[in-house]
Amino acid sequence: YMENPLMISTSIANEGAKNVKHIYYVSKKSRRYDVIKNIIDMNKDIYTIVFCRTRRETKEIATKLISGNYKAKVLNGDLSQSERDQVMKQFRTKRINILVATDVASRGIDVDSLTHIINYTLPDDDEVYVHRSGRTGRAGNQGLSIALVTTKEQRRLKEIEKLSKISFKKNEVPTQAEIFKSQMDSFIDTILNAP
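Residues numbered from 1 in each chain as written. Predicted model: local features only at pLDDT ≥ 70, side-chain atom pairs only at ≥ 80, totals over all residues. Heavy atoms only, no water.

(A) The overall build of the protein, seen in detail. Within the protein, the secondary structure is distributed over 7 helices and 7 strands. Ordered by position from the N terminus, the helices and strands of the protein form the series β-α-β-α-β-α-β-α-β-α-β-α-β-α. Rg of the C-alpha trace for the protein: 18 Å, near the compact-globule value of 16 Å for 195 residues, within the 12% margin. Per-residue burial for the protein yields a buried fraction of 45% across its 195 residues. For the protein, the share of sequence-separated contacts (at least 6 apart) that also reach a separation of at least 24 residues comes to 76%. Only carbon and sulfur atoms are counted for the fraction: they give 52% of the accessible area of the protein, which is about 11,700 Å². A gap of 3 Å separates the mean positions of the 33 positive and 24 negative side-chain charges of the protein. (Helix = DSSP H or I, 4+ residues; strand = E, 2+ residues; numbered from the N terminus. Rg over C-alpha atoms; globule rule 2.2 N^0.38 Å. Buried < 20%, exposed > 50% of the residue type's maximum accessible area, 1.4 Å probe, protein only. Contact = heavy atoms within 4.5 Å. Areas by Shrake-Rupley, 256 points an atom, 1.4 Å probe, with all protein chains shown as cover. Lys, Arg positive; Asp, Glu negative; His and termini not counted. Charge placed at Lys NZ, Arg CZ, Asp CG, Glu CD.)

(B) Layout of the layout of surface pockets. Taken as a whole, the largest pocket holds about 220 Å³ of empty space. Lining the largest pocket are 13 residues, with Ile 40, Asp 41, Asn 43, Lys 44 and Asn 97 positioned closest to its centre. Of all the elements in the fold, those that place two or more residues in the lining of the largest pocket are α1 (32-42) and α7 (176-192). Of the residues contributing to the lining of the largest pocket, the split by class is 4 nonpolar, 6 polar and 3 charged. (1 Å grid on protein atoms, 1.4 Å probe; cavity = no way out; pocket = protein on both sides within 12 Å on 5 of 7 lines; lining within 4 Å. Points joined across faces, edges and corners; volume = space filled by probe spheres on them. Nonpolar A, V, L, I, M, F, W, Y, C, P; charged D, E, K, R; others polar.)

(C) The arrangement of helix α3 (residues 81-92) in detail. Here α3 contains 12 residues, and its C-alpha end-to-end distance of 16 Å stays within 8% of the 16 Å for a straight helix at 1.5 Å per residue. When α3 is considered as a whole, its buried residues turn out to be Val 87, Met 88, Gln 90 and Phe 91. Burial along α3 is one-sided: seen end-on, the buried residues are contained in an arc of 160°. Turned more than 90 degrees away from the buried face of α3, the exposed residues are Gln 81, Ser 82 and Lys 89. Those residues of α3 hidden inside the fold are in contact with β2 (48-52), β3 (72-75) and β4 (98-102). (Expected span 1.5 Å × (residues − 1). Arc of directions from axis to C-beta.)

(D) Here's a closer look at the sheet that holds strand β5 (residues 116-119). Read across the sheet, 7 strands follow the order β3-β4-β2-β5-β6-β1-β7 without closing on themselves; strand pairing throughout is parallel. At either end of the open sheet lies a strand with only one pairing partner, and these are β3 and β7 (168-170). Each neighbouring strand pair of the sheet contributes to a mean axis angle of 25°, computed without reference to strand direction. Set on the sheet, helix α2 (residues 55-67) makes contact with β2, β3 and β4; between it and β4 the angle comes to about 165°. (Pairing = 2+ DSSP bridges. Axes fitted to C-alpha atoms, helices over the stretch in contact; angles between N-to-C directions.)

Shown next, in the form of structure tokens:
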């Protein structure tokens, strides 16, 4: 209805952050928790949000992580505001290093030093992926956004790439041998740097 409209924007719409690297792992849905566990085990200093599409998924993943002795909490719409505030306080002070959240619950989360974003499931809306991944790579830091996809879902990554001008790199899921080596290297560093 407008003639010669003028669009004013302070940033390029839907463009991914420059400091964020995007990778994906192909996995069956039934193996996704194992992939998340492997990613966490490979990265001893991980500080991450695991995004899920549903509240049920957040509860399942957080429960498994907690029972596996990981410092994790859930953040979803089932929590009261005071419970959300308490979880965010624990996350910001790094008493927990893994937050398992839905997109709705994560609105307004502003944490500068996140190392990883893990997309347990891709969002329904491709633009939401850009918002999720933009939670890392802030304040000049580098970040890594990981998507877990099935073989059929790989075409969705092409749509996200086109929309947001980012590119995904396929990685192989870390093996138990790689995890063990990473943990041994970390243990050796701890011993060598002990006073």
